[in-house]
Amino acid sequence: MKQGVLVCVCLVLCFVFCAPVFAQPNTKSVETILIDNFDDRDAVSFDWKVQTSRSIHVGEGDDVYPKMGYVEGIPNSLRGYRTASDPTPYVLGVQTKFDRKGDNWFEIYPVDKESGEIFEIPLKGTTSQIDFWAWGANYNYYLEVLIRDAEGCVHVLPAATMNYQGWRNIVVGIPTSIHQRSRLRSGPETANFVGFRIRSDANEYVDDFVIYFDQLRYTTHTMNFIYDGFELRKPNFDSEEAGR
């Protein structure tokens, strides 16, 4: 009897360790996607604009704010990843000046290059985090990320307080409560990156604030919404092929 049990155990172990291994589909394909590194404007289909609250200082000549531009530079931590063939590194910068302390804010957002209209950047798959580099001037300002979910609601995600000097890598987690795909077949297929919002503390100086951005990316599970028959979600019954 004991010998029979031993034979059965050996057969089971043989099946477990010797059976062929079949590849399983990966439903969580993690990928980091670059939105903009601000180096090559021809590499993206959008540009960046800035809008501010009412107390922005508007003088004459060079004394008109806000000011926005691409400035040559790069965080030191990223220099080691560059090669000789890479283009000259640039960062996106904004300078503001407000006429009084209080509830001052400005927003940086993408626009379509050709039309100049607001362009919200689609976030493919299920995004777990957005990360970027931000340069702080040691002012008590608050940086936020704006995300529009698949139901059309804009969520304001706290990112950092800018009371530090120089570059810092900022990682903003995307809460699971944000719907990133509509349950309807005809609904939005992604959540969207809307832009950045920067607010001043009510007691902070507002006469000369500067911020820079570099390497805007997001991490996502690109396979989460792929299912058997995914290609049939957008039917075309009017085609010649469908009418045959």
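The shown structure was predicted, so the numbers you read here are calculated from the model rather than taken from an experiment.

J.: Can you help me understand the overall build of the protein chain in this one?
T.: Counting its secondary structure elements, the protein chain contains 2 helices and 12 strands. Element order for the protein chain, N to C, with α for helix and β for strand: α-β-β-β-α-β-β-β-β-β-β-β-β-β. By sequence separation, contacts in the protein chain at least 24 residues apart represent 75% of the contacts at least 6 residues apart.

J.: Please explain the pairing of strand E9 (residues 154-161) as it appears in this structure.
T.: Regular strands place side chains that alternate from one sheet face to the opposite one. Across 7 bridges, strand E8 (residues 141-148) lies against E9 in antiparallel orientation. Its bridge partner being in E9, Leu146 is matched across the sheet by Val156. Counted between consecutive antiparallel strands, the loop separating E8 from E9 contains 5 residues, among which Gly152 sits at a positive phi close to 95°.

J.: Please explain unusual backbone geometry as it appears in this structure.
T.: Across residues other than glycine, the phi torsion is negative in most instances, and most of the peptide bonds are trans. With omega at 5°, the peptide bond leading from Tyr65 into Pro66 counts as cis. Within the secondary structure layout, Pro66 lies in the loop between strand E2 (46-52) and strand E3 (67-72). Even without being a glycine, Phe38 presents a positive backbone phi close to 70°. Its place among the elements puts Phe38 in the loop between strand E1 (30-36) and E2. Positive phi, normally seen in glycine, also occurs at Asn138, with a value near 65°. Note that Asn138 resides in the loop between strand E7 (126-137) and E8.

J.: Before we go on, may I ask you to explain the side chain of Thr96 in this structure?
T.: Its location among the elements puts Thr96 in strand E4 (residues 90-96). The residues contacting Thr96, other than those within four sequence positions of it, are Ile56, Tyr65, Pro66, Phe106, Val206, Asp207, Asp208 and Phe209.

J.: Looking at this structure, how should I read the pattern of salt bridges?
T.: It is possible for side chains bearing opposite charge to pair when their charged atoms get close. Counted under the stated rule, the structure contains 6 salt bridges. When the shortest N-O distance is used, the salt bridge between Arg82 and Asp39 registers 3.8 Å. Within this pair, whereas Arg82 is found in the loop between helix H2 (76-79) and E4, its partner Asp39 is found in the loop between E1 and E2, the two being separated by 43 residues in sequence. Of the residues examined, Arg82 reaches a relative accessible area of 26% and is grouped as partly exposed. Here Arg199 ties to Glu144 by a salt bridge, and the two come within 3.0 Å at their closest N and O atoms. With a gap of 55 residues between them, Arg199 in strand E11 (residues 191-200) and Glu144 in strand E8 connect regions that are remote in the sequence. By relative accessible area, Arg199 is classed as partly exposed at 28%. We classify Glu144 as buried; its relative accessible area is 9%.

Rules and cut-offs
Residues numbered from 1 in each chain as written. Predicted model: local features only at pLDDT ≥ 70, side-chain atom pairs only at ≥ 80, totals over all residues. Heavy atoms only, no water. Helix = DSSP H or I, 4+ residues; strand = E, 2+ residues; numbered from the N terminus. Contact = heavy atoms within 4.5 Å. Pairing = 2+ DSSP bridges. Salt bridge = Lys/Arg side-chain N within 4 Å of Asp/Glu carboxyl O. Buried < 20%, exposed > 50% of the residue type's maximum accessible area, 1.4 Å probe, protein only.

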